[in-house]
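# Understanding the architecture of this molecule
Spelled out, the chains give:
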Amino acid sequence: VQEEKIFAGKVLRLHVCTMEGAEWLEEVPEDTTVEKLKERCLKHCVPGSLEDPKTVTHHKLIHATSEKVLTDTKTVLEENIQDRDVLLLIKKRAPPPLPKMADVSAEEKRKQEQKAPDKDAILKATANLPSRNVDRTVAHHNMRDFQTELRKILVSLIEVAQKLLALNPDAVELFKKANAMLDEDEEDRVDEIALRQLTEMGFPESRAVKALRLNHMSVTQAMEWLIEHADDPTVDAPLPGQTPSEATAEAGASSAEAAAGPSSESGGEEAKDELTEIFKKIRRKREFRPDPRAVIALMEMGFDEKEVVDALRVNNNQQNAACEWLLGDRKPSPEDLDKGIDTNSPLFQAILENPVVQLGLTNPKTLLAFEDMLENPLNSTQWMNDPETGPVMLQISRIFQTLNRT
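Let us look at the structure shown here. Remember, it's a predicted structure, so these values are computed and weren't measured experimentally.

### Observations regarding the overall build of the chain
A count of helices and strands for the chain gives 20 helices and five strands. Counting the 406 residues in the chain, one finds 33% classified as buried. For the chain, restricting intrachain contacts to residue pairs at least 6 apart in sequence, the fraction spanning at least 24 positions comes to 58%. Total accessible area on the chain is roughly 26600 Å²; 53% of this is exposed by carbon and sulfur atoms.

### Regarding the pairing of strand β1 (residues 11-18)
Relative to strand β2 (residues 23-29), β1 is paired through seven bridges, and the arrangement is antiparallel. Bridging from a neighbouring strand, L12 pairs with V28 of β2. Once β1 ends, the chain turns through four residues before running back antiparallel as β2, passing G21 with a positive phi of about 105 degrees. Pairing geometry for β1 and strand β5 (residues 86-91), over four bridges, is parallel.

### What to know about the sheet that holds strand β4 (residues 68-69)
Read from one edge of the open sheet, five strands run β2-β1-β5-β3-β4, paired in mixed fashion. Single-partner strands in this sheet number two, and they are β2 and β4. Packed onto the sheet, helix α2 (residues 34-45) meets β1, β2, β3 (59-63) and β5 and runs at close to 145 degrees relative to β2.

### Re the environment of W383
With respect to the helices and strands, W383 occurs in helix α19 (residues 380-384). Judged by its relative accessible area of 9%, W383 falls in the buried class. Separated by 17 residues in the primary sequence, W383 and T366 have C-alpha atoms spaced 9.0 Å apart. Once residues within four sequence positions are removed from consideration, W383 is found in contact with K365, A369, D372, M373, T389 and G390.

### Regarding the pattern of salt bridges
Going through the model one piece at a time under the given rule, you end up with nine salt bridges. Measuring nitrogen to oxygen at the nearest pair gives 3.2 Å for the salt bridge that ties D310 to K306. Residue D310 and its partner K306 are located together in helix α14 (residues 305-314), separated by four residues, close to a single helical turn. With relative accessibility at 58%, the residue K306 sits in the exposed group. Several salt bridges share partner residues, and in doing so they unite K365, D386 and E388 into one network.

### Section: the nonpolar core
In this structure, I153, L157, L347, I351, F370, M373 and I396 are the most contacted members of the largest nonpolar core, which totals 24 residues. Here this core takes seven residues from helix α6 (residues 136-166), the largest share from any one element. Once residues lying within four places of it in the same chain are set aside, the contact partners of I351 are I153, L157, V357, I396 and I399. Among the nonpolar cores identified, the runner-up in size contains 16 residues, and L14, W24, V34 and V76 belong to it.

### Quick notes on the packing of helix α13 (residues 292-299) against helix α15 (residues 319-327)
In contact at an axis separation of 10 Å, α13 and α15 are set at 35 degrees when each is read in the N-to-C sense. Between α13 and α15 the crossing geometry is right-handed. In this structure, α13 contributes A294, A297 and L298 to the contact, and α15 contributes Q319, A322, C323 and L326. For the contact of α13 with α15, a count of residues per class yields six nonpolar, one polar and no charged.

### Some thoughts on helix α8 (residues 192-200)
If you check which residues of α8 are buried, you get A194, L195 and L198. Looking straight down α8, one finds its buried side chains confined to an arc of 100 degrees; they lie on one side. What points out from α8, more than 90 degrees from its buried face, is the exposed set E192 and E200. Looking at the buried positions of α8, the neighbouring elements they touch are α9 (205-214) and α10 (219-228). Directly after α8, the chain includes G202, whose backbone phi takes a positive value near 110 degrees.

### A few points about the side chain of E26
When you line up the elements, E26 lands in strand β2. By relative accessible area, which is 5% here, E26 ends up buried. Only 2.9 Å separates the side chain of E26 from the side chain of W24, close enough to count as a polar contact. Within the structure, the side chain of E26 is placed 3.4 Å from the side chain of R40, a separation counted as a polar contact. Ignoring anything within four residues of it in the chain, the contact list for E26 reads L12, R13, L14, V16, L37, R40, C41 and H44.

### Description of unusual backbone geometry
In the Ramachandran plot, E67 falls in the positive-phi region, its phi being about 55 degrees despite a non-glycine side chain. The phi dihedral of N80 falls on the positive side, at around 60 degrees, and the residue is not glycine. Among the structural elements, N80 can be located in the loop between β4 and β5.

### Comments concerning α14
Within α14, seven of the 10 residues are buried, which leaves the element mostly enclosed by the surrounding structure. Where α14 begins, the side chain of D304 points an oxygen toward the backbone nitrogen of K306, at a separation of 3.0 Å.

### Examining the packing of α14 against α15
Between α14 and α15, the shortest axis-to-axis distance is 8 Å and the interhelical angle comes to 120 degrees. Viewed along their axes, α14 and α15 adopt a mutual orientation that is oblique. Crossing hand, α14 versus α15: right-handed. Between α14 and α15, the residues in contact are E307, V308, D310, A311, L312 and V314 and Q319, A322, W325 and L326, respectively. Partitioning the contact of α14 with α15 into residue classes produces seven nonpolar, one polar and two charged.

Conventions adopted
- Residues numbered from 1 in each chain as written.
- Predicted model: local features only at pLDDT ≥ 70, side-chain atom pairs only at ≥ 80, totals over all residues.
- Heavy atoms only, no water.
- Helix = DSSP H or I, 4+ residues; strand = E, 2+ residues; numbered from the N terminus.
- Buried < 20%, exposed > 50% of the residue type's maximum accessible area, 1.4 Å probe, protein only.
- Contact = heavy atoms within 4.5 Å.
- Areas by Shrake-Rupley, 256 points an atom, 1.4 Å probe, with all protein chains shown as cover.
- Pairing = 2+ DSSP bridges.
- Axes fitted to C-alpha atoms, helices over the stretch in contact; angles between N-to-C directions.
- Salt bridge = Lys/Arg side-chain N within 4 Å of Asp/Glu carboxyl O.
- Core = buried A, V, L, I, M, F, W, Y, C linked by side-chain atoms within 4.5 Å.
- Left-handed = near helix turned anticlockwise from the far one by under 90°.
- Nonpolar A, V, L, I, M, F, W, Y, C, P; charged D, E, K, R; others polar.
- Arc of directions from axis to C-beta.
- Polar contact = N/O pair within 3.5 Å; in protein donor to acceptor, adjacent residues only side chain to side chain.
- Parallel < 35°, antiparallel > 145°, perpendicular 65-115°, else oblique.

Here it is in structure tokens:
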């Protein structure tokens, strides 16, 4: 008996399949390498294929159950192949051919053509163009100058409108009606239904009013604010920047005084004085109201309440712009907002000579619009769309833009 037969390993019967549909059984010892098994399979299904040594490397055996590609150098035992297992003999996919040098050059050229130009290429292409240095900070400053100039125009036009309206015998009655409209200011009103919902939940009325004003009359947000600040010792403090109760009493007193009017003066003087009081009352009602949330946020940064209110007034209640103003040179100053335009300037003369503006200045509603835009610039869109004040604002804008270009 030969020694190799005595110590021979276990013989496995393997079921081999090809992609072409051929099937057969291979009996191999378990110590046979995968490469030897592959040679036997190729010899069985592709006669004469072993003459080309590359044929073996161009095929692979796959264990059907585990879908594992068998390693040529390992034995059947090492690959954990069992008796009756199914193996697949598959030809390897040919690798893609290497690109030709001409194709590589063409591809690189195409990529270079699609590549964005670098800084040197841009400078070279624009070398003959006239230079125009546009500084974003300057553009922002010019925009702020426009707002400041428009505000000055409104200040001066308010003075002119007051003088013209004082000559109108019906001005007092007209302004009394307009003044009554101001009493319905949305910002002063509290939604009664929303307030009742919060008070029915057990929140104090004064605290509920504060929460609603801070959250734009949203019941849900106001309730969240009340719960969040329930233990805050300053929860009942008045909102920063809002007029205290004394100012409310003063406004009521001035209202009564304006309604009563002078008693011992002549008819013309009475009307003039009453109109002056109405103008003062309108100005008081149109005083700037800072956004409470913005005030609190900026004060938490360490700024004083007065300077925070000034910053919001200068920057139209825009918190980010107000923060930049506080950290910057603080120009324009709050005092600059009350200055009018030079009455001898070509711009102001052109505005006053416009027939549409002249007619609009005799309308009390135009004065109310100017006052509103002066203290609440964000309301300008509302007045631009108004059929009475819109044409006046359009003419002022056109004149300003025309003279600003020259």
